[in-house]
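Here is what each chain is made of, one letter per residue.
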Amino acid sequence: MLNKGLRDEESIRIENTLRTLHALIFVPKFWNAEDTSLIDEQLKSFGLSLQRTIEIPEDELIILLQRCHLDWNQQEQFADILVGLSQESQFNFLGKALAIYQYIQKESKVFSFGINTKIASAKAKKQ
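Colleague: Quick question: what am I supposed to make of the packing of helix α5 (residues 72-85) against helix α6 (residues 94-107) here?
Modeller: The packing of two helices is summarised by the inter-axis angle and the distance between the axes. Direction vectors running N to C along α5 and α6 enclose 160°, while the axes themselves pass 8 Å from each other. As judged from the angle between their axes, α5 and α6 are roughly antiparallel. Judged by the twist between their axes, the crossing of α5 over α6 is left-handed. Along its contact with α5, which presents Trp72, Gln75, Glu76, Phe78, Ala79, Asp80, Leu82 and Val83, the element α6 presents Leu94, Lys96, Ala97, Ile100, Tyr101, Tyr103, Ile104 and Glu107. In the contact of α5 with α6, the residues fall into 11 nonpolar, one polar and four charged.

What follows is the structure in structure tokens.
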């Protein structure tokens, strides 16, 4: 278990990585090699790359996020990033995002209307 100081540093590092990923993803891109390499560079801090994210099963991805010490909010942000990547036809991470949202809703023991809305939206887009 991390002590408070290390948890805070880890949380700040995770938040910075998620912010950078949001900035890279939610700007319209043509997803050339340079764009994907920037995303891969950020995903490295979670032990991922775009290719690994495509290949990893949903349950293993959730376990990986827990091992990286992402809290519920950070896991939700990561799922939001996956949804953002899925806006383009090059990537389809909706199933993984949906699994993360459902995991958060179930395991956090707190019902969230926001998460519930994201679950419904991901299910609708997935069809």
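There's more to say after this.
Colleague: Can you help me understand the packing of aromatic side chains in this one?
Modeller: The relative placement of two aromatic rings is captured by the distance of their centres and the angle of their planes. The full count for this structure, using the stated rule, is four aromatic pairs. Arranged with centres 5.7 Å apart and planes meeting at 85°, the rings of Phe46 and Phe78 form a pair that is edge-to-face. Here Phe46 is found in the loop between α2 (33-43) and α3 (50-55), whereas its partner Phe78 is found in helix α5, with 32 residues between them in sequence. The class for Phe46 is buried, based on a relative accessible area of 1%. Look at Phe91 and Phe93: their rings are 5.8 Å apart centre to centre, the planes differ by 15°, and that puts the pair in the stacked class. Phe93 shares its class with Phe91; the two are buried.

Reading the values: the criteria
Residues numbered from 1 in each chain as written. Predicted model: local features only at pLDDT ≥ 70, side-chain atom pairs only at ≥ 80, totals over all residues. Heavy atoms only, no water. Axes fitted to C-alpha atoms, helices over the stretch in contact; angles between N-to-C directions. Helix = DSSP H or I, 4+ residues; strand = E, 2+ residues; numbered from the N terminus. Parallel < 35°, antiparallel > 145°, perpendicular 65-115°, else oblique. Left-handed = near helix turned anticlockwise from the far one by under 90°. Contact = heavy atoms within 4.5 Å. Nonpolar A, V, L, I, M, F, W, Y, C, P; charged D, E, K, R; others polar. Phe/Tyr/Trp six-rings, centres within 6.5 Å; stacked < 30°, edge-to-face > 60°. Buried < 20%, exposed > 50% of the residue type's maximum accessible area, 1.4 Å probe, protein only.

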